[in-house]
Every structure is written in C-alpha cells, then in structure tokens.
Amino acid sequence: MQQTSRRRPFPIHVLVFLAPAILLYTVFMVFPLINSLRLSFFEIGSQNQMSFNGIQNYIKLFTDSNFAPFFWRALKNNFIFFAVHMLVQNPIGLLLAALLAEGGKLRNFFRTVIFMPTVLSVVIIGFIWQLILNPLWGVAESMLKAIHLGYLFGPWLGKPETALITVSLISVWQFVGIPMILFYAALIGIPEELTEAARVDGATGWDTFWRVKFPIILPTVGIVGILTFVGNFNAFDLIYTMKGANAGPDFATDIMGTFFYRTFFGQQLQLGNPTMGATVAAMMFLIILTGVFLYMFLWARRVQTYEL
Amino acid sequence: MKSTPLYRLQQVLGKSIPILILTIYSLIALFPIAMVLINSFKAKKAIFGAPFELPDSATFSLIGYQTVTSRAAFPTYFLNSSIVTFTALVLTLLIGAMAAFALSEYDFPGNAMTALYLSMGIMIPIRLGTVGILRLMVSLRLVNTLTGLILVYVAQALPLTIFILSQFMRQVPKDLKDAARIDGASEYRIFGMVLPLVRPALGAIGIFTMIPIWNDLWFPLILAPSSKTATVTLGVQQFLGQFVSDWNAVLSSLTLAMIPILILYIVFSRQMIGSITAGAVK
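Residues numbered from 1 in each chain as written. Chains lettered and ligands numbered in written order. Predicted model: local features only at pLDDT ≥ 70, side-chain atom pairs only at ≥ 80, totals over all residues.

### Some thoughts on the overall build of chain B
The secondary structure content of chain B amounts to 13 helices and zero strands. Scanning chain B from its N terminus toward the C terminus, one meets helices and strands in the order α-α-α-α-α-α-α-α-α-α-α-α-α. Taking 19 Å as the expected radius of gyration for a compact globule of 282 residues, we find that chain B reaches 25 Å, considerably beyond that expectation. In terms of overall dimensions, chain B has C-alpha extents of about 75 × 75 × 35 Å along its principal axes. (Helix = DSSP H or I, 4+ residues; strand = E, 2+ residues; numbered from the N terminus. Rg over C-alpha atoms; globule rule 2.2 N^0.38 Å.)

### Observations concerning the interface of chain A and chain B
With 64 residues of chain A at the contact, the number on the chain B side is 69 residues. Secondary-structure elements contributing two or more residues to the side of chain A that touches chain B are α1 (12-39), α3 (68-101), α4 (107-119), α5 (122-133), α8 (177-188), α12 (237-243) and α14 (274-300) of chain A. A per-element tally of the side of chain A that touches chain B places α1 of chain A first, with 16 residues. In the side of chain A that touches chain B, the residues fall into 51 nonpolar, 10 polar and three charged. (Contact = placed C-beta atoms within 7 Å. Nonpolar A, V, L, I, M, F, W, Y, C, P; charged D, E, K, R; others polar.)

### Some remarks on the nonpolar core
Ala21 and Met284 of chain A together with Ala99, Val152, Val154, Ala155 and Leu165 of chain B are the most contacted members of the largest nonpolar core, which has 161 residues in total. Of the residues forming this core, the biggest block, 15 residues, is contributed by helix α7 (residues 146-170) of chain B. Shared between two domains, this core holds at least three residues of each, these being domain 1 (5-64) and domain 2 (72-242) of chain B. Each residue touching Ala21 of chain A, except ones within four places of it in the same chain, is listed here: Ile95, Gly96, Met98, Ala99, Leu118, Leu158 and Ile162 of chain B. (Core = buried A, V, L, I, M, F, W, Y, C linked by C-beta atoms within 7 Å. Buried ≥ 20, exposed ≤ 12 C-beta atoms within 10 Å, placed from the backbone. Domains from an automatic or database assignment.)

### Quick look at unusual backbone geometry
Residues and elements named next belong to chain A. Omega for the bond connecting Gly248 with Pro249 falls within 30 degrees of zero, at -5°, which places this linkage in the cis form. Note that Pro249 resides in the loop between α12 and α13 (256-265). At Asp250, a residue that is not glycine, the phi angle is positive and equals roughly 55°. Inspection of the secondary structure assignment puts Asp250 in the loop between α12 and α13. Look at Asp250 and you get exposed, because 10 C-beta atoms sit within 10 Å. Notably, Phe251 is not glycine yet its phi reads approximately 60°, a positive angle. Assignment of secondary structure puts Phe251 in the loop between α12 and α13. Residue classification places Phe251 among the partly exposed residues on the basis of 19 C-beta atoms within 10 Å.

### Looking at the domain arrangement of chain B
By the assigned domains, chain B splits into domain 1 (5-64) and domain 2 (72-242). Inter-centroid distance (C-alpha atoms) of domain 1 of chain B to domain 2 of chain B is 38 Å.

### What about α7 of chain B?
All names here are of chain B. For α7, which comprises 25 residues, the first-to-last C-alpha distance of 35 Å matches the rise-based estimate of 36 Å (1.5 Å per residue) to within 8%. Of all the bends in α7, the greatest reaches close to 40° and is centred on Leu158; the proline Pro159 follows between one and four positions later. Buried residues dominate α7, accounting for 20 of its 25 residues. (Expected span 1.5 Å × (residues − 1). Bend = angle between axes of the 7 residues up to and from the residue.)

### Examining the environment of Pro91 of chain A
By the secondary structure assignment, Pro91 of chain A is in helix α3. Residues Pro91 of chain A and Pro179 of chain A, spaced 88 residues apart in sequence, show a C-alpha to C-alpha distance of 8.7 Å.

### Some remarks on the confidence of the model for chain A
Residues and elements named next belong to chain A. Of all residues in chain A, 95% attain a pLDDT of 70 or more, and the chain-wide mean is 89. When pLDDT is averaged over each element of chain A, α3 comes out on top at 96 and helix α9 (residues 192-200) at the bottom at 84. Every residue in residues 1-5 scores below 50 in pLDDT, and together they form one contact with partners more than four places removed in sequence or on other chains. (pLDDT = per-residue confidence, 0-100.)

Given below as structure tokens:
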C-alpha cells in the first residue's frame, strides 16, 4: 500500500469505466464527422485517388449550375419546413400541453393518444398519409365533404405549390407530441402557490397563463425551438418515403437531407460524388452549429431561469 | 356573485372546451392509424366502397396478409431489427452507465473536459458524418452487417445517455458507497451496487434509445441495404415501393410494421411519459 504519497497515479478503474464509451464515440462518431469535414476539401479522380483542392467544392456548390440551384432551393425549402414547424407544431403543442396541465380524469388517455404517432416510424407515417390523401381512395375528400369543405380538396402532394406545405404538416402531425410533452412537463412543475396568487388577485385563466406560467417556461420554449431546428435541418426519412430521393414534384419538396443523399449517392442521370456529399454535409453541420450557438449565446443566456 | 347564470356558464364552458379540443385532436391523431388498421382486414372492394366501416363477415379478408407473408421476408426483418435494437440498447446502457459512473464518482484530472467532449454529441446529428462512416465501414468490412449498424447506433446514443445517467448517479447517497468501500468492496463492485439504484432512469433512457433505432431508415439504407440485413423499417419501405398498387398488401404490411411498436408503447406509455414529466415534479 504505497498510496500515501500525494500524487497518485491515474486510477486504472476510471480508465476501465471510461475507455469503451470514449473509444466507441470517438471511432464511430467524432472521427467520421471530422473525416467528412476534411473530405469536403478533396476531390476524387477517375482512378479513385484523392487530391486536395481547397475550397473548390464549396465554390462549386455555390456557383456551379449542377449544384447551386439545388442547394439554394433545398436551403429555402428547409427554412419553410422549419417555419411550418415553429408556427404550427409548437403553438399546437403548447395549447395541448396547457389544456392537459389543467388536469381532468381523461388526461392520461389524451396524453397517450396524442403522443402515439410520434413513436411510429416516419416511413409508416409517410405511407399512411399517402393513402389517406390519395384521391383514388378518397378518404380525405369524404372527410372534408362531411364538414362541407369538399371543394378544398386537391392532389396536394402532387402539386408543386402545395407539396412542401403538405409534407411539412404531416411531419407536424407526427411530432406534435414532443413539444406537447416538454411543455406539459414544464407546466406541471410550476408550484400551485404562484398561480393561486394570481387567481386570488382576480386574473383570468388566460392572463395567468401568459403573465405567470409562460414566462416561467421560457427556457423550455428555447429548448423546443432548438430541438425543432436541429431535427428539421437533419430531416430526410419522410420526404424520401413520400416523394423519393428526387423530392418531387419538380424538387418542390427537396430539403437539405434529400439533397445530401442525392449528391452523395447520385440519381438516375448523375453519379454520386462522396466529396461533394461531404461538402453538403459540412454546410448542414455549419447551419446546425450556427443554430445551436445562437440558441446558447443569444437565447439561453438572456432568458431568466426561475429557481422554483 | 358566484351563482349568477353567467358565472355558471363560464364554469361549464371552462371545463368542457378543453375536453372538446383534446377530444378533437385525439381523433385527428388516431384517425389515420385506425383507417389503416381497420382496412387491412377487408377485401379490396370494401376498402374502396366503405372505407370507414369496420370489417364484417361479408367484407373480412386476410388476402393482404397472405401476400405480405408470401412475398416479403417479414420474419427476417423483424429478427434483424430485434437483434440490432436489443444489442445496441444493452451496449448503450452498460457502456453509458460505466462512463457516467466514472464522471460522477471520481474527481480525476480531465473530468470536466471528458464530460464536455462526450456531451458535444448531444446536439450534433451523427448523420452529418455519413460520408466518413461509410468509408470507415468499408475499410472495416462492416458494410451490410448488423454489427456496423449496432456500432453506429451505440455511438449515437451514448452522449445523451451519459449526460442523463451521470446526473442520476450524483444523487446516489455517498454514505452507501463509502460504507461499501470500508468493507473492502472494489470499485467495480460499487458500480454494480449503484446500477440497480438508477434503474428507473435506465428504463426511461432505454425506451427513448430503442424507438429511434427501431424506426431509423437512414443507416439501414446506407450501411446495410442487402435483403439479408434489412430492418423492418427498410424492408417495409422497399416492399411498399414494389407493391404500391396492391392496397391489401400495403395496408397489411403497414399494420404488421406498426403493431409491435404500438403494443410496446401502450404497455410502457405511462413509464415513458412519466419519466419525462418526473423531472418536473422533483
């Protein structure tokens, strides 16, 4: 027992506990990510050899007629996709959470049912909605007719003007459970004394919500926002399932994820290009990182967290 | 004041409007799923003729399920998904718990840096490294193997698992561990002692790790697209691509793919949702 000396050697059991996690995480996540970023500065020659070509890939992505129009469209579409989630999914999630937090016997039932689509695979959800919206089956049309809105029905998924909004809303329908449950958890954490005090002062439920509860759950609003952002700029499955890798009609539903997949693996007329794929992924990385930093430094630091 | 009709009307409305909204939204959430489930048990004529009706003796048919079981390798897909999900889950929980224990229990040089390094992966989606992952898998000869998928899923799930578990492990009373140390227990024994104490957290993380792995399309599509290694999600996606016009087959395969997750969800939904909301009412 020579452990009496002040400077003990690095304890071996700590290494044993940490090594597997650090190893797996480094080899299968950190290293490939860094390697992808590195590859975005290379080009693959005809003999499959790699050569460094600086920022040529980025210049190509922003200016070449084979890439630039697709890139900018995918970026724009992705922002629309994100905007629909922020404007529809998160407010509905907040509304449902506020109603659930009021209590009532059926609360658990509603919670379970509304969260249900969230646990299903995006592939399943995509196909289900393709069937529901299919004019051949006519289910959506009969539903609309039943509430005298039949004239609104159209081939929403097939028309370039409506396809992107339609897939965005399907994604909202599936994932509304996540903001709902996060807001709900934050709302039921507010001590009763606070809302009780407001009620005694004669505030209505509406006032209590916006003046007392909402400021308290602002940190959760930020978390929901950044989770939505990261999730949306990483989305792929739904559009690939419903509209294929070409994100039709006429690339109307193309977002960064589908653009990345096509660039990497190619499509009918174009061969895949791993280093250009890496360049697209690097741009996605940059966008997501920017979002995370904006959240951390502009939102999370300024929003007051109330110690309850 | 309190018994005026207006006040009572407000009371009634205040109680019933929330229920009404929640009911309507629940119908919106359930309706598309129910339509697929119901119609998968009907003959083609009834699917189109009376889509909203439950199957009866005249319209009941299992033709879709027959097509699916004869044409698609569903048992293989289920087996693959189960192996990948289960192995990745066990590895994530074990390896994640070990790292979380080290970070929360010992004050070693570089602790804070290690924690920061590991938590960077929480916000950065692993998909962005796909080009690098595919190259790595090619050089390790792990393309079209379930092992490749498992390794990626474990790496992806570790950051959040470690982050959450180390917070739970910090709450385990120190006296307990110190008493064991005085009795001469090794650090590995103490880890084995702490693990059951964070069981609720392990359960919750387990469920939330499982669902995205089971549902993932991206990595099966890119790393293991062969018919032998296809998971349920990929298998269904490819099967549906070929049988788009066979409505019976489409509806039945969707139902088959949904059922296991729905059952799991209905059984565990209380624990699942409870685990998120538990943090709020500490």
